[in-house]
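Geometric and topological summary
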Amino acid sequence: MSSAIPTARSRLAHRARRQWIERLIQWALFLAAFSAVTVTIAIVVILVYESLGFFEHVSLWDFLTDTEWTPLFSIKRYGILPLVAGTLVTTAVALVVAVPLGTIIAIYLSEFASHRVRETIKPLLELLSGVPTVVYGYFALLFITPLLQNTILPDLPGFNMLSAGIVIGIMIIPYVSSVSEDAMRAVPMHIREGSYAMGATRFQTALWVVTPAAISGIIAAYILGISRAVGETMVVAVAAGTQPNLTWNPMESAATITAYIVQVSLGDLPHGSLEYQSIFAAGLTLMLMTLFFNVVGHWLRRRYREVY
Amino acid sequence: MEAARLAELRALIARHKYWDQIFAIVGLMAMFAGMITLTALFIDLLIDSAPRLNWDFFTSFPSRRASQAGILSAWVGTTLVMLVTAVAGVPLGIAAGIYLEEYAPRNWITDLIEINVTNLAGVPSIVYGLLALGLFVYQLDLGQSILAAGLTLGLLILPVVIVATRESIRAVPGSIREAAYALGATKWQCVAHHVLPYSTAGILTGVIIGMARAIGETAPIITIGALTFIAFLPPMPFTGDPPAGPFDWLFAPFTVLPIQMFNWLSRPQAAFLENAAAAGVVIIVMTLAMNAVAIVIRYRYRKRIKW
């Protein structure tokens, strides 16, 4: 009978043990969360460490100003500009597709569509960014390029930045549209009602009242799209070609930073060689580019949140 | 005079309303443009792959002859890599999400962690590949193995799982926690017995979407230098038939579905393109099915739980 009622001593012991377990669990959870920081540090350390080896052989000045990138040829030149140009051209084409379509879809979903349409369309749109990128590469190379060649651009080469850019643009529509739509829906209702009260139509309100009020969020959405497009790899590796080419013409074939990394990785690269280190230098450039866009986008999004 | 002005006004209003309708049509067309692309992509793949999509395709190894090549080693590799990815990424992500939502004090360390999670979500996948190449393959000497690939993809899905966990934990009302505390539960008892069961559906959705993304990832696995011509299977997991130990499969060379597809896609012969299309159909059906399951789970649970 007495054993059924715990004594003060046994209850205290039980409590002390529980508290000890609690503290242990809290530490384990903290370590798990801190792994995000560890991963970032590991990425930076690895990229910088291997790039330092690269910059011992290639001067930073040559890297940034030379107009040729030929590490796999006998005469080796290490100018990142052609790869950066390829990356920027495909990104620009992607934006030309994604910005108008994404913005129109965002305005439509936020201001025109009924609740039911919005709930049906949004998951379907998300599927666009769920399709694996290598499949999009196939689509760009064997559907979009032939389509363009047979219709408006008969002289288009088989590998070109145009179709890769178009496909990347379609892929990033959901990023652009969902962040823009969130920004538009964050605009308080009374601002719209004020506009309607002045006799404005839905379209006038959407275009002249809601969009300007949400503009920093919409720009943040574009920037998120840019950073996705800059880092996109498989579509360009499959459809845009692997030959570095300093050009601003999307109808030519050119390698991007990511395509170069893939091309080198496909070969049997000896660990520690200059080719091996060059992909880390290219990766560091890519990382800095996306980091820049991410930081700007993050800053803009924070700003619009504070407005209301 | 009055009637004329009224008519003018009506015409003006009608003209403005006309723009409303025009835009509604333009908006619908923009959305259909996206949907049509998705449909065109799928139909294109199905047509191109029609000659190859049969049972033999799933049970054959890759081959130099396009008509005999299959994806046996690729889908086995994908399954095993995903197993490692899930074991590495999911518990870590959920634990991090729980910490950030339930335990984290408001201080600079928490801010630092949050900034890093946001930032990791935006890091291009190929950069994870470079991390894996430098760290897992060479520094930790794991080689081009299933383990290295699985760990890489585990890190890749970490932000997705963390964000999903946080969102669904945040949706659990505070009154549930207060009730648990009032009955004398400790923090962990409250989380494990009350908060987590209510947020399972949301977490599961995030996990499935993350895994669907990992299945299709090609770039990081190419970067770690995975071989593309694998005509053998890794040792059977957990059997431990001598001389193979139960975990030998972790260190085996491998290929996965998207790598196999990319490999066929970069061959010049047209016959291999049919194989690439067939592999594409398999990947796309897998990822879209997983996305669909995630949507269904989210939708059903949202209806069932009423606070």
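Residues numbered from 1 in each chain as written. Chains lettered and ligands numbered in written order. Predicted model: local features only at pLDDT ≥ 70, side-chain atom pairs only at ≥ 80, totals over all residues.

A word on the overall build of chain A
This is how it is decided: Helix and strand assignments come from DSSP, with helices taken as H or I runs of at least 4 residues and strands as E runs of at least 2, each series counted from the N terminus. Radius of gyration here uses only the C-alpha atoms, and the compact-globule reference equals 2.2 Å multiplied by the residue count raised to the power 0.38. Placing C-beta atoms from the backbone, we regard two residues as in contact once those atoms come within 7 Å.
The number of helices and strands found in chain A is 12 helices and zero strands. Along chain A, helices and strands appear, N-terminal first, in the series α-α-α-α-α-α-α-α-α-α-α-α. Its C-alpha radius of gyration of 26 Å places chain A more than 25% over the 19 Å reference for a compact globule of 308 residues. Once the C-alpha set of chain A is aligned to its principal axes, its extents read approximately 90 × 65 × 35 Å. Excluding contacts between residues fewer than 6 apart, the proportion of contacts in chain A whose partners are at least 24 apart in sequence is 73%.

Regarding the packing of helix α3 (residues 81-112) of chain A against helix α9 (residues 215-231) of chain A
All names here are of chain A. Selection rule: Helix axes use the C-alpha atoms of the stretch in contact, all axes being lines fitted to C-alpha atoms, and the angles between their N-to-C directions lie in the range 0 to 180 degrees. For classification purposes, an angle smaller than 35 degrees is called roughly parallel, one larger than 145 roughly antiparallel, one from 65 to 115 roughly perpendicular, and anything else oblique. Should the near helix be turned anticlockwise from the far one by less than a right angle, the crossing is left-handed, and should it be turned clockwise, the crossing is right-handed. Amino acids outside the nonpolar list (Ala, Val, Leu, Ile, Met, Phe, Trp, Tyr, Cys, Pro) and the charged list (Asp, Glu, Lys, Arg) are all regarded as polar, and Gly is one of them.
Closest axis-to-axis distance for the α3/α9 pair is 9 Å, and the angle between their directions is 140 degrees. The angle between α3 and α9 places the two elements in the oblique class. Relative to α9, α3 is oriented so that their crossing is right-handed. For the pair formed by α3 and α9, the contact residues are Thr87, Thr90, Thr91, Ala94, Leu95, Ala98, Val99 and Thr103 on the first element and Ile218, Tyr222, Gly225, Ile226, Ala229 and Val230 on the second. Residue composition of the contact of α3 with α9, by class: nine nonpolar, five polar and no charged.

Brief notes about the domain arrangement of chain B
Residues and elements named next belong to chain B. Applied cut-off: Each domain's extent was defined by an automatic or database domain assignment.
Assigned domains within chain B: domain 1 (1-49) and domain 2 (55-304). Centre-to-centre separation of domain 1 and domain 2, based on C-alpha positions: 40 Å. Taken together, the contact pairs five residues of domain 1 with seven residues of domain 2. Residues that form the side of domain 1 that touches domain 2 fall into these classes: three nonpolar, one polar and one charged.

Looking at the interface of chain A and chain B
With 68 residues of chain A in contact, the opposing surface of chain B contributes 69 residues. In terms of residue class, the side of chain A that touches chain B is made up of 46 nonpolar, 18 polar and four charged.

Here's the deal with the confidence of the model for chain A
As a reminder, the rule being used: The pLDDT value tells you how sure the predictor is about a given residue, anywhere from 0 up to 100.
Across chain A, pLDDT averages 85, with 97% of residues at or above 70. By mean pLDDT, the top-scoring element of chain A is α3 of chain A (91), and the lowest-scoring one is helix α2 (residues 60-65) of chain A (79).

Quick notes on the nonpolar core
Basically, it comes down to this: Linking buried Ala, Val, Leu, Ile, Met, Phe, Trp, Tyr and Cys residues through C-beta atoms within 7 Å yields a set, and such a set is a nonpolar core. The exposure scheme places C-beta atoms from the backbone and then counts, for each residue, the other C-beta atoms within 10 Å of its own, assigning buried at 20 or more, exposed at 12 or fewer, and partly exposed in between.
Membership of the largest hydrophobic core comes to 189 residues, with the highest contact counts inside it found for Tyr138, Ala140, Val167, Val235 and Val238 of chain A together with Ile146 of chain B. The element best represented in this core is α3 of chain A, accounting for 17 residues. Sequence-distant contacts of Val167 of chain A, defined by excluding residues within four places in its chain, comprise Tyr136, Phe139, Ala140, Ile144 and Val235 of chain A.

Quick word on the domain arrangement of chain A
Residue and element names in this part refer to chain A. Domain boundaries in chain A define domain 1 (8-57) and domain 2 (81-305). A straight line from the C-alpha centre of domain 1 to that of domain 2 covers 35 Å. The interface is formed by seven residues belonging to domain 1 together with eight residues belonging to domain 2. Split by residue class, the side of domain 1 that touches domain 2 holds three nonpolar, three polar and one charged.

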